[in-house]
Amino acid sequence: MKKPAFFATLLVSIAVLSFGPSSAAWAQTNTAYGTNALSDNTTGSSDSAFGVSALGHNTTGSGNTATGWDALYFNTTGYDNTATGIAALEGNGAGIGNTATGVSALANNGKGKLNTATGWNALYFNSGNDNTAIGSFALQNNGSGGNNIAVGVEAGLYLTTGSNNIEIGNQG
């Protein structure tokens, strides 16, 4: 006799959640898969971590999604962030509403908010807000600059503190 689909889902949920902290509240609101994924979580809710050490130091941050080795690793209180790729948003501590796709995208973002980085090392050193970088190394060296847009490989590479710039295929 074939078992209902919900039974298989229940077994998978129990297997995944049994490796996390013992709190029943934690198990009902977070999903973790991978060694040390969400391992330090205390009260953070609605978090999803897939990969070795994904969201590893998250304590109270909520609404985060981390996919990849060390994705959102140092996030503690930041919320509503999405990281896909090895070390994507790795250094994010308290940043809010960031999206990083690619190896080391937004890797050193500490408190920056509402940034979008797509590509290898895009916005790598960022600490500013409201930046968009599309392309490998795009806005890689941006520090405190905000409201910048860079499209293309190495676009805006040399911008460090400037704001309100648009770089398309130009290193800045």
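Residues numbered from 1 in each chain as written. Predicted model: local features only at pLDDT ≥ 70, side-chain atom pairs only at ≥ 80, totals over all residues. Heavy atoms only, no water.

Description of the overall build of the protein
Line of reasoning, step 1. Each helix and strand in the protein was counted, giving 2 helices and 9 strands.
Line of reasoning, step 2. In the protein, which comprises 172 residues, the share counted as buried stands at 41%.
Line of reasoning, step 3. Sequence-distant contacts, at least 24 apart, represent 0% of the contacts inside the protein between residues at least 6 apart.
Line of reasoning, step 4. With the model as given, the accessible surface of the protein reaches about 8,200 Å², and the carbon-plus-sulfur share is 61%. (Helix = DSSP H or I, 4+ residues; strand = E, 2+ residues; numbered from the N terminus. Buried < 20%, exposed > 50% of the residue type's maximum accessible area, 1.4 Å probe, protein only. Contact = heavy atoms within 4.5 Å. Areas by Shrake-Rupley, 256 points an atom, 1.4 Å probe, with all protein chains shown as cover.)

A short note on the environment of threonine 29
Line of reasoning, step 1. As for its position among the elements, threonine 29 is in helix H2 (residues 24-29).
Line of reasoning, step 2. Beyond its immediate chain neighbours, meaning those up to four positions away, threonine 29 contacts Gly44, Ser45, Ser46 and Asp47.

Examining the packing of aromatic side chains
Line of reasoning, step 1. Per the stated rule, a full pass over the model turns up 3 aromatic pairs.
Line of reasoning, step 2. Ring centres of tryptophan 120 and phenylalanine 137 lie 5.3 Å apart, and the angle between their planes is 45°; this geometry places the pair in the tilted category. Of the two residues, tryptophan 120 is situated in the loop between strand S6 (116-118) and strand S7 (132-134) and phenylalanine 137 in the loop between S7 and strand S8 (149-151); the sequence distance between them amounts to 17 residues.
Line of reasoning, step 3. Residue classification places tryptophan 120 among the partly exposed residues on the basis of a relative accessible area of 48%.
Line of reasoning, step 4. For the ring pair tyrosine 124 and phenylalanine 125, a centre distance of 4.6 Å and an interplane angle of 80° mean the geometry is edge-to-face.
Line of reasoning, step 5. Overall, phenylalanine 125 belongs to the partly exposed group, its relative accessible area being 41%. (Phe/Tyr/Trp six-rings, centres within 6.5 Å; stacked < 30°, edge-to-face > 60°.)

Some words on a nonpolar patch on the surface
Line of reasoning, step 1. Nonpolar side chains collect at one region of the surface, where Ile134, Ile149, Val151, Ile166 and Ile168 lie side by side and expose about 460 Å² of accessible area between them.
Line of reasoning, step 2. Elements supplying a minimum of two residues to the nonpolar patch: S8 and strand S9 (166-168).
Line of reasoning, step 3. Along the chain, valine 151 falls in strand S8.
Line of reasoning, step 4. Residue valine 151 is classed as partly exposed on the basis of its relative accessible area of 34%. (Patch = residues over 30% accessible without salt bridge, like charges linked within 9 Å, V, L, I, M, F, W, Y side chains within 5 Å. Salt bridge = Lys/Arg side-chain N within 4 Å of Asp/Glu carboxyl O.)

So, the confidence of the model for the protein
Line of reasoning, step 1. Looking at the protein, the pLDDT average stands at 88 and 84% of residues meet or exceed 70.
Line of reasoning, step 2. Ignoring residues within four places in sequence, the model shows residues 3-24, a span with pLDDT below 50, making 11 contacts including any to other chains. (pLDDT = per-residue confidence, 0-100.)

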